[in-house]
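Analysis of the macromolecular model
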Amino acid sequence: MTDCYLGIDAGGTQIRSAAVSVNGDLLSSLHSIPTGTKFDPQALRGFVASSIEGIKNEVPDAVIKAVGMGITGLVKVNRVVGSDFLPLLNEINLVELLSEVSGTPAALENDARCFILGEARFGAGKGLSNVTGITLGTGVGGAIIANGQLLHGARNNAGEVWEIPLRGKWLEYFVSTGGLVRTYGELGGKEPVTGAAEIA
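Overview of the structure. The numbering scheme is per chain: residues are counted from 1 as the chain's sequence reads. Per-residue local features of the predicted model are confined to residues with pLDDT of at least 70, and side-chain atom pairs are confined, for both listing and counting, to 80 or more; whole-chain, interface and lining totals are unaffected and use all residues. With hydrogens and water excluded, all non-hydrogen atoms of the structure serve as input to the side-chain values.

**Comments concerning a nonpolar patch on the surface**
Residues Ile-134, Leu-136 and Val-175 make up a contiguous nonpolar surface patch of about 290 Å² in total accessible area. Helix and strand definitions here come from DSSP, where helices need a minimum of 4 consecutive H or I residues and strands a minimum of 2 consecutive E residues; each element is numbered from the N-terminal end. Its location among the elements puts Val-175 in helix α4 (residues 171–175). Patches draw on residues past 30% relative accessible area with no salt bridge. Two like charges within 9 Å are joined, as are two nonpolar side chains (Val, Leu, Ile, Met, Phe, Trp, Tyr) within 5 Å. Accessible areas in this description were obtained via Shrake-Rupley with a 1.4 Å probe; residue shielding takes into account the shown protein chains only. In what follows, salt bridge is the name for a side-chain nitrogen of Lys or Arg lying within 4 Å of a carboxyl oxygen of Asp or Glu.

Listed below in C-alpha cells is the structure:
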C-alpha cells in the first residue's frame, strides 16, 4: 500500500491537484481544470472525485489518508470568506465537502499560506524557523512563518500584501494577472492577451 495525501490548489484561474507523500514527494501527475467566478460547490465535488479516481488509476495501491486544500481568499473556520475570485464557494463548509467526497479527514487554508508552508517544510526554507514569501498569480498573496509557526493574526490575514497602498490603488491592482494585462494594453500591446505567459 502507498499512503498518500491529496493536495488541491484552488485559484481564481484554475484548480489543480496531485497526490503527495508525507515527505512532500509528488506521487501522481497534476490534474487541472479552469475555475473562475462561476466555479461552484458542485464543480468542486466533481473535481475532487475525478482527482481521486485519477490517482487510483495511476497508483493502484494508493491509500489516500487525507485531503488538504489551499484556496484564494480569507479562510475562517473551515470556510473561505470574501473570495472575489471564487465567490460561489464563499461561506460553504469546504472541509465538510472535501471530507464527504474523499471519505478522509480534510483541511483548508489560504493558498499563499499553503505555498509558504510548503517551502518552509520541503523547499527553499527547509530547516529555517522564520520564513516569509509572496505569491503572484490571478491575485497576490503572502504569508509569514515565525519560530516555526504559521501566523494567522487577529483577523486571519497576517502576511497578506495584496492591499498594500500603491499609487492611489493597491498592490494587487498592478501586479496581479489582471494588472499585467491592463498595463500591457496601456503600453500599446496590440494582441489580446489573458495572462503573463502570453505577454512574455
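**Description of unusual backbone geometry**
If you check the backbone angles, Glu-91 has positive phi at about 70° while not being a glycine. Among the structural elements, Glu-91 can be located in the loop between β6 (79–81) and α2 (94–102). The phi torsion at Asn-147 lies on the positive side, around 55°, for a residue other than glycine. Relative to the assigned elements, Asn-147 resides in the loop between β9 (140–146) and β10 (149–150). Classification of Asn-147 by relative accessible area gives exposed; the value is 65%. Under the scheme applied here, a residue whose accessible area is under 20% of the maximum for its type counts as buried, over 50% as exposed, and between as partly exposed, the area being computed with a 1.4 Å probe on protein chains only.

**Here's the deal with the packing of helix α1 (residues 41–58) against α2**
Two numbers describe how α1 lies on α2: the axes approach to 9 Å, and their chain directions differ by 40°. As the angle between them shows, α1 and α2 are arranged oblique. Handedness of the crossing formed by α1 with α2: right-handed. Contacts between α1 and α2 pair Pro-41, Leu-44, Arg-45, Val-48, Ala-49 and Ile-52 from the former with Leu-94, Leu-97, Leu-98, Glu-100, Val-101 and Ser-102 from the latter. To get an axis, fit a line to the C-alpha atoms, keeping to the stretch in contact for a helix; angles then go from 0 to 180 degrees between the N-to-C directions. For classification, angles of less than 35 degrees are called roughly parallel, those exceeding 145 degrees roughly antiparallel, those between 65 and 115 degrees roughly perpendicular, and all remaining angles oblique. Each helix crossing is assigned a hand: it is left-handed if the near helix lies turned anticlockwise from the far helix by less than a right angle, otherwise right-handed if that turn is clockwise. By definition, residues are in contact when any of their heavy atoms lie within 4.5 Å.

**Concerning the sheet that holds strand β8 (residues 131–136)**
The pairing criterion for strands is at least two bridges between them, as found by DSSP. Ordered in space as β8-β9-β10, the three strands form an open sheet in which the pairing is antiparallel. Each end of this open sheet is capped by a strand with a single partner; those strands are β8 and β10. Sheet analysis places β8 next to β9, joined by six bridges and oriented antiparallel. Its bridge partner lying in β9, Gly-133 is registered against Ala-143.

**What to know about the nonpolar core**
Of all hydrophobic cores here, the largest spans 27 residues; its most connected members are Leu-6, Ile-8, Leu-44, Met-69, Ile-71 and Leu-94. Elements supplying a minimum of two residues to this core: β1 (2–10), β2 (14–20), α1, β4 (62–71) and α2. Excluding residues within four positions of it along the chain, Met-69 makes contact with Ile-8, Ala-10, Leu-44, Leu-94, Leu-98, Ala-107, Leu-108, Glu-109 and Cys-114. If you look at the next biggest cluster of nonpolar residues, it comprises six residues, including Val-131, Ala-143, Ile-145 and Leu-150. What we call a nonpolar core is a set of buried Ala, Val, Leu, Ile, Met, Phe, Trp, Tyr and Cys residues that are connected through their side-chain atoms within 4.5 Å.

**Things to note about the pattern of salt bridges**
By the definition in use, this model includes three salt bridges. The partner of Asp-9 in a salt bridge is Arg-16, with the nearest N and O atoms 2.8 Å apart. Residue Arg-113 pairs with Glu-109 through a salt bridge whose shortest N-O separation is 3.4 Å. The burial state of Arg-113 is the same as that of Glu-109; both residues are buried.

**Concerning the sheet that holds β4**
Taken together, five strands build an open sheet; the order of strands is β3-β2-β1-β4-β7 and the sheet is mixed. Lying at the two open borders of the sheet, with one neighbouring strand each, are β3 (31–34) and β7 (106–110). Between one strand axis and the next, the sheet turns by 20° as a mean value, whatever way the strands run. Sheet topology places β2 next to β3; four bridges connect them, and they run antiparallel. Bridge pairing links Ile-15 to Ile-33 in β3. The sheet strands contacting helix α3 (residues 111–122) are β1, β4 and β7, and the helix crosses β7 at an angle near 100°.

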